[in-house]
Amino acid sequence: MITDSSAARRARLAGMTASAAAMAVLVSACGGTGGGSASPAKNFSYLSVTENTTVKTALTTLSKGACKTAQDAQPLKVETVPQAGLDQKLQLLAGQNALPVQFAAGNAPALTQQLAASGQVADLEKELKKLGVYDQLEPAAVSTIKALYGGKLDVLPYEYNIEGIFYNKKVFAANGIAVPGTWAELTSAAAKLEAKGIQPFSASGQQGWPLTRLISGYLYRSLGPDALKDVADGKAKLTDPKYVKAAAEVAALGKKGYFGKGVGSIDYDTAMNQFLSGKAAMLYMGSWALANIADPKQDTIGAANVGFMPFPAVTGGTGSIDQYPSNVGLGIALGAKSFDKNTGDWVSCITKNYGSTALKDQGTISGFKVNTDVKDASEVAGQVRRTISSSKQNVLWFEALFSTKATTVSQTNAAGLVNGSLSPEKFMQTVQDALSSK
């Protein structure tokens, strides 16, 4: 079972970007072509992060079962590194032309794109089509990867997450609250819960991104799926009135006490626990939380009492509630120089079997199709999986297209926005200034 810390790690990934300093080191180390060709790999070497045991566990299971033939020809060998040291490790190995066969991509798309530009990352769309297994990827996952990696399939989606609001069905029913379809209905439900002495939302102000995700959710519903791309392209600014409006709506939730006391000091694990122990009625989170929900030691309200709803519509807005924020967690790349027949056999087997194995054994959802009759861990898990399979359009998150500096500024100031120490105008101006700075 995935631990809270692993889930927190995956969640933080979606808000991270690579630093300019790291890029400089990488370019210096890799040069223009990435060096000469490598010898065939003896092992199916996989560099992972210490905090994530999910992929390692699933691959180990496959090596003993569905992928036994690939395992015999090229044994799985796993090495881990703390996530904080991943980028540095990748740069060092790339500079030595020693990247493993498979590796956790950098903490942001920019690093992997640099590796790909230097010829060290396999073109997975080409390779998967050559192997005849490209159709084993969920279209929504492919769309998300390409949105993050400059139109290329640079990583495999060993996990695929959509985001929305998990809610306590028992609390909603006991208080006569229907699932909100609009922002006005959501705030009305929160007011009703608050009046009954029930904390409406749980969120981590310490991490910041669970709050800024609410801002981007409102922006996507009010201004449409290109709202933040327009900011990245210079067509709009966060200081424009329609953008400040989104920050103001989220700030109002904090002003009314809907996040409870001391939201700025609440960390990810505590926020998750508040919801799963019934102390808060709603939690904005990604579908990685299904692993926590499936664990009875964490989820004391019971998985049967957890529902999932999309971020609600904004009346008069141009966005749609079926446009889900999504991410692929820490994507997994493959080395271009070591992609031989044995590696191809492994990749072919993984694309056909990983989705079913991860869902069956760990209750986690990947970007691979599920090809066997695997029973979902809970009703909410099935709902999320069906939503992913039917999803036609996805959006990113608030900081997805931000620089490292702007991401840090955004997430460290989010708590100030909801506790009233920073006005919506000031918050958006501060983030915009960070985006505009060189």
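Parameters at a glance
- Residues numbered from 1 in each chain as written.
- Predicted model: local features only at pLDDT ≥ 70, side-chain atom pairs only at ≥ 80, totals over all residues.
- Heavy atoms only, no water.
- Helix = DSSP H or I, 4+ residues; strand = E, 2+ residues; numbered from the N terminus.
- Rg over C-alpha atoms; globule rule 2.2 N^0.38 Å.
- Buried < 20%, exposed > 50% of the residue type's maximum accessible area, 1.4 Å probe, protein only.
- Areas by Shrake-Rupley, 256 points an atom, 1.4 Å probe, with all protein chains shown as cover.
- Lys, Arg positive; Asp, Glu negative; His and termini not counted.
- Charge placed at Lys NZ, Arg CZ, Asp CG, Glu CD.
- Axes fitted to C-alpha atoms, helices over the stretch in contact; angles between N-to-C directions.
- Parallel < 35°, antiparallel > 145°, perpendicular 65-115°, else oblique.
- Left-handed = near helix turned anticlockwise from the far one by under 90°.
- Contact = heavy atoms within 4.5 Å.
- Nonpolar A, V, L, I, M, F, W, Y, C, P; charged D, E, K, R; others polar.
- Disulfide = S-S within 2.5 Å.
- Pairing = 2+ DSSP bridges.
- pLDDT = per-residue confidence, 0-100.
- Salt bridge = Lys/Arg side-chain N within 4 Å of Asp/Glu carboxyl O.
- Arc of directions from axis to C-beta.
- Phe/Tyr/Trp six-rings, centres within 6.5 Å; stacked < 30°, edge-to-face > 60°.
- Lys NZ or Arg CZ within 6 Å of the ring centre and 35° of its normal.

> I tried to follow the overall build of the protein on my own but got confused; where do I start?
Looking only at helices and strands, the protein features 19 helices and ten strands. The C-alpha radius of gyration computed for the protein amounts to 22 Å, which stays within 12% of the reference 22 Å derived for 438 residues, consistent with globular compactness. Taking the principal axes of its C-alpha atoms as reference, the protein extends roughly 65 × 50 × 35 Å. The 438 residues of the protein split such that 57% are buried. Summed over its atoms, the accessible surface of the protein is roughly 17200 Å², and 52% of this surface lies on carbon and sulfur atoms. Both charge centroids of the protein, one from 42 positive and one from 34 negative side chains, sit 1 Å from each other.

> Just to check I follow, could you spell out the packing of helix α3 (residues 54-64) against helix α16 (residues 341-362) for this structure?
Angle between the axes and distance between the axes: these two values describe a pair of packed helices. Running from amino to carboxyl end, α3 crosses α16 at an angle of 115°, the nearest separation of the two axes being 9 Å. By the angle class used here, α3 and α16 are roughly perpendicular. Of the two elements, α3 crosses α16, and the hand of that crossing is right-handed. Mapping the contact onto sequence places Thr-54, Val-55, Thr-57, Ala-58, Leu-59, Thr-61, Leu-62 and Ser-63 in α3 and Trp-346, Ile-350, Asn-353, Tyr-354, Thr-357, Asp-361 and Gln-362 in α16. Within the contact of α3 with α16, the residues separate by chemical class into seven nonpolar, seven polar and one charged.

> I tried to follow the state of the cysteines on my own but got confused; where do I start?
A full pass over the atoms with the stated rule returns one disulfide. In this model, Cys-67 is linked to Cys-349 through a disulfide, with the two sulfur atoms separated by 2.0 Å. Torsion about the S-S bond of the Cys-67 and Cys-349 cystine: about -100°, corresponding to left-handed handedness. Note that Cys-67 is positioned in the loop between α3 and α4 (68-73) and Cys-349 in helix α16, a separation of 282 residues in sequence.

> What am I meant to see in the sheet that holds strand β2 (residues 76-81) here?
Two pairing modes exist for strands in a sheet, parallel and antiparallel, and in both the strands are linked by backbone hydrogen bonds. Reading across the sheet, the four strands line up as β2-β1-β3-β9 and stay open at both edges, with mixed pairing between neighbours. Every other strand in the sheet has two partners, leaving β2 and β9 (332-334) as the edge strands with one partner each. Across this sheet, the average inter-strand angle for adjacent strands is 20°, counted without regard to direction. Relative to strand β3 (residues 102-104), strand β1 (residues 44-49) is paired through two bridges, and the arrangement is parallel.

> Is there a simple way to explain the confidence of the model for the protein in this structure?
If pLDDT is low for a region, its predicted coordinates should not be looked at in detail. On average, residues of the protein carry a pLDDT of 89, and 91% of them reach 70 or more. Note on residues 1-38: pLDDT is under 50 here. Beyond four places in sequence and across chains, it has 100 contacts.

> So what exactly am I meant to see when it comes to the pairing of strand β4 (residues 161-168) here?
Taken residue by residue, a regular strand's side chains alternate between the two faces of the sheet. Among the eight residues of β4, eight are classified as buried, and the element is accordingly described as predominantly covered. Pairing analysis gives five bridges linking β4 to strand β6 (residues 280-286), with the strands arranged antiparallel. Within β6, the position partnered with Gly-164 by the bridge is Met-285. Direction of pairing for β4 relative to strand β7 (residues 306-309): antiparallel, over a ladder of four bridges. For Ile-165, the partnering residue across the bridge sits in β7 and is Met-309.

> Please explain the pattern of salt bridges as it appears in this structure.
Between side chains of opposite charge, a pair can form when the charged atoms approach closely. Evaluation of the coordinates by the stated rule reveals ten salt bridges. Among the salt bridges present, the one from Lys-68 reaches Asp-72, with a minimum N-O distance of 2.9 Å. One end of the pair is Lys-68 and the other is Asp-72, both in helix α4 and four residues apart, which spans about a single turn. Lys-68 gets classed as partly exposed once you look at its relative accessible area, which sits at 39%.

> I would appreciate a short explanation of α3 in the present structure.
Within α3, burial applies to Thr-54, Val-55, Ala-58, Leu-59, Leu-62 and Ser-63. All buried residues of α3 lie within an arc of 160° about the axis, which places them on one face of the element.

> Hey, could you run me through the environment of Asp-361 in this one?
Tracing the backbone shows Asp-361 in helix α16. Under the relative-accessibility criterion, Asp-361 is labelled partly exposed at 45%. Separated by 143 residues in the primary sequence, Asp-361 and Tyr-218 place their C-alpha atoms 35 Å from one another.

> Explain the side chain of Thr-357 here, please?
Structurally, Thr-357 is set in helix α16. The exposure class assigned to Thr-357 is buried, which follows from its relative accessible area of 13%.

> Explain unusual backbone geometry to me, please; I cannot follow it from the model alone.
Comment: phi is negative for the bulk of residues other than glycine, and the bulk of peptide bonds are trans. Unusually for a residue other than glycine, Asn-97 sits at a positive phi of about 50°. Within the element layout of this structure, Asn-97 appears in the loop between α5 (86-95) and β3. Given the relative accessible area of 32%, Asn-97 is considered partly exposed.

> Looking at this structure, I do not really get the packing of aromatic side chains. What am I missing?
Ring pairs (aromatic) are described by centroid distance and by the angle formed between their planes. Applying the stated criterion to the full structure yields 14 aromatic pairs. On the basis of an interplanar angle of 70° and a centroid distance of 6.1 Å, the ring pair of Trp-209 and Trp-288 is categorised as edge-to-face. Here the residue Trp-209 occupies a position in helix α11 (residues 209-223), and Trp-288 occupies one in the loop between β6 and α15 (290-293), the gap between them amounting to 79 residues. Each member of the pair, Trp-209 as well as Trp-288, carries the same accessibility label: buried. Between Tyr-284 and Phe-311, the aromatic rings sit 6.4 Å apart at their centres with planes inclined by 75°, giving edge-to-face as the arrangement. Of this pair, Tyr-284 sits in strand β6 while Phe-311 sits in the loop between β7 and β8 (324-327), and the two are 27 residues apart along the sequence. Note on accessibility: Tyr-284 and Phe-311 belong to one class, buried. The rings of Trp-183, Tyr-218, Tyr-284 and Phe-311 are connected pair by pair, giving a single aromatic cluster. Its guanidinium or amino end placed over the ring of Tyr-134, Lys-129 lies 4.9 Å from that ring's centre, counting from NZ or CZ.

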